[in-house]
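Each chain, written out:
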Amino acid sequence: MNLNPSADVVTRELRGKVLLVTIDHAPVNALGADVRRGLLAAIEAADAEPAVEAVLIVGAGRNFVAGADIREFGKAPVPPSLPDVCNRIETCAKPVVAAIHGAALGGGLEVALAAHYRLAVDGAKLGLPEVQLGLLPGAGGTQRTPRLIGAQAALDLILSGRHAGAKEAHALGLVDRLGSSGDVLAEGLAYAHELLAAHAPVRRTRDAAALSDRAANLAAVAAARAETVKKARGLFSPMKIVEAVEAAVDQPFEDGLRLERKLFLQCLDSPQRAGLIHAFFAEREVLKAPETRDAKPRALGKIGVVGGGTMGAGIAVAVLDAGLPVTMIERDDASLARGRAHIEKVYDGLIAKGRMSAAAKTDVMTRWSGSISYDALADADLVIEAVFEDMSVKQAVFAELDRVCKAGAVLATNTSYLDIDALAASVARPADVIGLHFFSPANLMKLLEVVVPKQVSADVVATAFELAKKLKKTPVRAGVCDGFIGNRVLAVYRAAADAMMEDGASPYQIDAAVRAFGFPMGPFQVVDLAGGDIGWATRKRRAATRHPQARYVQIADRLCERGWFGQKTGRGFYLYPEGSRSGMPDPEVEAIIETERKRAGITPRNFTDEEIIRRYMAAMINEGANVVHEGIALRPLDVDVTFLYGYGFPRYRGGPMHYADMTGLPTILADIREFAKEDPLFWQPSPLLVELVERGADFASLNQTV
Ligand code: 3H9
C-alpha cells in the first residue's frame, strides 16, 4: 500500500511502527478542505495497514494547527466536515498521538483532543479562541474539553478564548506529557514508540471521566451562566458556549455533539461572526502598507521623546514597556521632573494593583533619561515630538531636531491635526519626517495612526510600522488632512450628534442609544472624559474656515463658557459629584439646551433610538467613504481598524464600513438623501458611496491587499 499517494498538505510516512502524519499547509496549517481530506485518508490508511501500529500527528513549520480555515466560513461547506474528521481520528483502532508545538488553537486543539494521547513542547499555545470570532468550538471542543478537564476549566478556556502554555495545559490535563526538548518530531516519535512498548490502549476523550461529579460540574455551568449574562454585553456566542458545555455535563456524548453542531451553525450564521472575522483579517491587512512591502525599516535602538506632558509621558511608557531606552527632553528642570513623575505615576499605579514589583519599576526607569538640552538626542534613532498643538511651537522643536539629530534619524510628530507636510517642509530633511498619532492614554490605547506626508521616504514609513510592532500597537496608515482618519470622521458624527441634540434628543438619550449599539461610551460621555475644552479649542480654530452656511450647534460652547469641561471640572454634559467618574444627567444642562433650541428657532421633536443610530452611523460611514475616496485611508478596512482600536467601535460589528456593507449601501445612501432634505450642506453623499451603489458594489470590494 502506498502510504503517501501524493505530495500533499497532509503527508504520511512510516517511521518504525508509527505512521507519521504531517500537516503541512502554510502559513499556519489551517484545516481547509484539503487538510481535512488528508487527515481522514491518513486515519483510514492507518487502520487498513497492518504495518502501522500507532499514528503520530504533527504540524510542519511554526505551529501544530491554528484552527479551522477561517476563510472558508460563510462559503458553501465542503466535506468532510471537521467534526467528522475528529470523530474518525477518535475511533481509529490504533493509538493516535498528537505532538504539539506552536499554536494548537480552535479546530487544531480539537484535532489533538480527538487523538488518544497528547504531548506538548515548550512554546506550545493551546486554546479554543472561537469566541473571539463569534463562534464556539464546533468540532467536539465543547464536549471533549470538559470530559477531559472538567466543566469549570473548560468554560474558562472557551469563554475567554485565552491561550494556555504547555506547562499549564499539562497541569490542567489537556496534555499528557511535556516534551523535554524543543524537537517536537523526535519527542512525538519517542512517545508513540514508548506507548506501543507499554501496550498503551486506544483511549478516547469521549470516555474521559472529568465530569463524573455531575453536581459540581453543573454548579460550574450555572456560575458561568450567571457571569456570562453580566459580562457578554450583546455578544451572541458566549451563552451558546455555556449551553453546549451544559450538554456535555448532562447528555450522552453523541447528543452533546449534535447540540454543539446546531449551536455552532447558529453562530456561523450570525452577523457577529462576520463582523469579528472581518476584524481578524482587517487587523492583519493594515500591516501591509505598500512601504512595508517595498522598504526595510531603519534601526530602532534609541528613542527620544520631546515633551513630558500626558501624551509625551504616555508615549515614553509605551516605549519603555517595549524594552527600549527613552531620552525625554523638556524645556526646564521642573518640567522634566514633572515628565518623569507622570511616568512613575503609571508604574506606581501598577505596583499598587500588584501588577508590577518595585524592583521591576527601578529596572524600567534605568532605561529612562532626561535632559533639558536637545543635544542629548544626538544619537537617537527616532524622536517623537509631543509638545503643545501649535505649528510655530512644533516648528521650533523640529528646527532643534534638525540641528542635533544624526543623519538618518526619524523625526516624528504626535500632532493630531496639524499639517505635517508644512512641518516637514520647515526642516532640511523632509524625507525623515512622519506623523505618529498616538491616542490617549498612549501606553494603553492600541491605535497608532502612521501619518504619511508627501515627501517622506518609504523606509521611514516602514520604520514607523516596525515601531508599532515593538510597542504592540495596531498601526493604520493615514494621509495628511485635518484630523487624519479618526478625528476627521469623529468631527462629522459629533456634528450629527450635536444636531440631533439641538433638534430634540437629549445628550443622555443619544449616549444611551450609542451604548446600546455597542460602544462603551456615548459621544457626550467621551467629551466629558477627554475634556470639553479640547473640542472647544478645535471649534475655535476651525471657525475661520467653516462654511458660512454650515449649521453650528452652540450648546457645547455654552457649557465651556461656564467652565464645565467634563470630569476634570466636576461637570460637563453630566454632573460628577465628588470626583465620581460615572456622570449623572444634569437638569441645568437640559435647560441650557432648551434655551439654545429657542435661540436657534427650533421646535424640538422626538427621536427614536433607532433614528439616532441611523443618523450617527450614516454620518460616520459617509465621512469614512470620503476619507477612502481622497486616499487618506488606503482602504475601507483601514477606517474600520481605526474605529475598532481608537474609538471603541464594537468589534462584533466589524467597524463602520463593514457595518455599512452589512446594512446595505443603498440603505445608507437613501438615509443620507433623506436627511439631506433638512440640511443638504451637511448631508452630501460621498462620491465613493454613490459610485459603489451605482455599481452594485460594496466597501469590501475595495479591501484587496494594496
Ligand atoms: C475554528 O477552529 C472553528 C472550529 O472550532 C470548528 C470548525 C467546524 N484560518 O496571525 P498571523 C492567516 S475557528 C485562515 O499573522 P502569527 C492570517 O490571516 C479558528 N487563515 O501569524 C495570516 O495571513 P496573511 C480558531 C489564518 O504567527 C497568516 O495566517 N483559531 C488562520 O502572528 C499568519 O497569521 C483561531 O482563531 C486561520 N485559522 O500568529 C486562531 N489563522 O499572512 C487564529 C491565521 O495572509 N490565528 N491565518 O495575512 C491566530 O491566532 C494566529 O494566526 C496564530 C499565528 C497565533 C496562529
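Conventions we followed
Residues numbered from 1 in each chain as written. Predicted model: local features only at pLDDT ≥ 70, side-chain atom pairs only at ≥ 80, totals over all residues. Heavy atoms only, no water. UniProt positions renumbered as here; feature names shortened; annotations may be inferred. Helix = DSSP H or I, 4+ residues; strand = E, 2+ residues; numbered from the N terminus. Core = buried A, V, L, I, M, F, W, Y, C linked by side-chain atoms within 4.5 Å. Buried < 20%, exposed > 50% of the residue type's maximum accessible area, 1.4 Å probe, protein only. Domains from an automatic or database assignment. Contact = heavy atoms within 4.5 Å. Pairing = 2+ DSSP bridges. Axes fitted to C-alpha atoms, helices over the stretch in contact; angles between N-to-C directions. Parallel < 35°, antiparallel > 145°, perpendicular 65-115°, else oblique. Nonpolar A, V, L, I, M, F, W, Y, C, P; charged D, E, K, R; others polar.

A. Representation of the UniProt feature "domain: 3-hydroxyacyl-CoA dehydrogenase C-terminal" (unreviewed entry) in the chain. UniProt tags residues 483–576 and 613–696 as "domain: 3-hydroxyacyl-CoA dehydrogenase C-terminal" (unreviewed entry). When the span residues 613–696 is considered, its composition is 68% helix and 0% strand, and the gap between its end C-alpha atoms is 24 Å.

B. Main features of the nonpolar core. Counting 94 residues, the largest nonpolar core has Leu377, Leu401, Ile510, Phe573, Met620, Phe649 and Phe699 as its most contacted members. For this core, the element with the most residues is helix α25 (residues 609–629), which contributes 11 residues. Three or more residues apiece are contributed to this core by two domains, here domain 2 (300–478) and domain 3 (486–702). The residues touching phenylalanine 649, leaving out its near neighbours within four places in the chain, are Phe517, Phe519, Met617, Met620, Phe643, Leu644, Gly655, Pro656 and Tyr659. Membership of the second largest hydrophobic core comes to 72 residues, among which are Ala42, Leu109, Leu128 and Ala154.

C. Structural detail: the pairing of strand β6 (residues 117–120). Alternating positions in β6 separate into two faces, Tyr117 and Leu119 on one and Arg118 and Ala120 on the other, with burial throughout. Where strand β4 (residues 96–100) meets β6, four bridges bridge the pair, whose relative direction is parallel. Its bridge partner lying in β6, valine 97 is registered against tyrosine 117. In the sheet, β6 pairs with strand β9 (residues 177–178) via two bridges, with the strands oriented parallel. Paired with leucine 119 across the bridge in β9 is arginine 177.

D. Spatial organisation of the UniProt feature "domain: 3-hydroxyacyl-CoA dehydrogenase NAD binding" (unreviewed entry) in the chain. Residues given the UniProt feature "domain: 3-hydroxyacyl-CoA dehydrogenase NAD binding" (unreviewed entry) here are residues 302–478. The straight-line gap between the two end C-alpha atoms of residues 302–478 is 25 Å; of that span, 41% is helix and 21% is strand.

E. Main features of the packing of α25 against helix α28 (residues 665–676). At a minimum axis distance of 10 Å, the contact between α25 and α28 shows a crossing angle of 105°. By the angle class used here, α25 and α28 are roughly perpendicular. Contacts between α25 and α28 involve Arg614, Arg615, Ala618, Ile621 and Asn622 from the first element and Ile668, Asp671, Ile672 and Phe675 from the second. In terms of residue class, the contact of α25 with α28 is built from five nonpolar, one polar and three charged.

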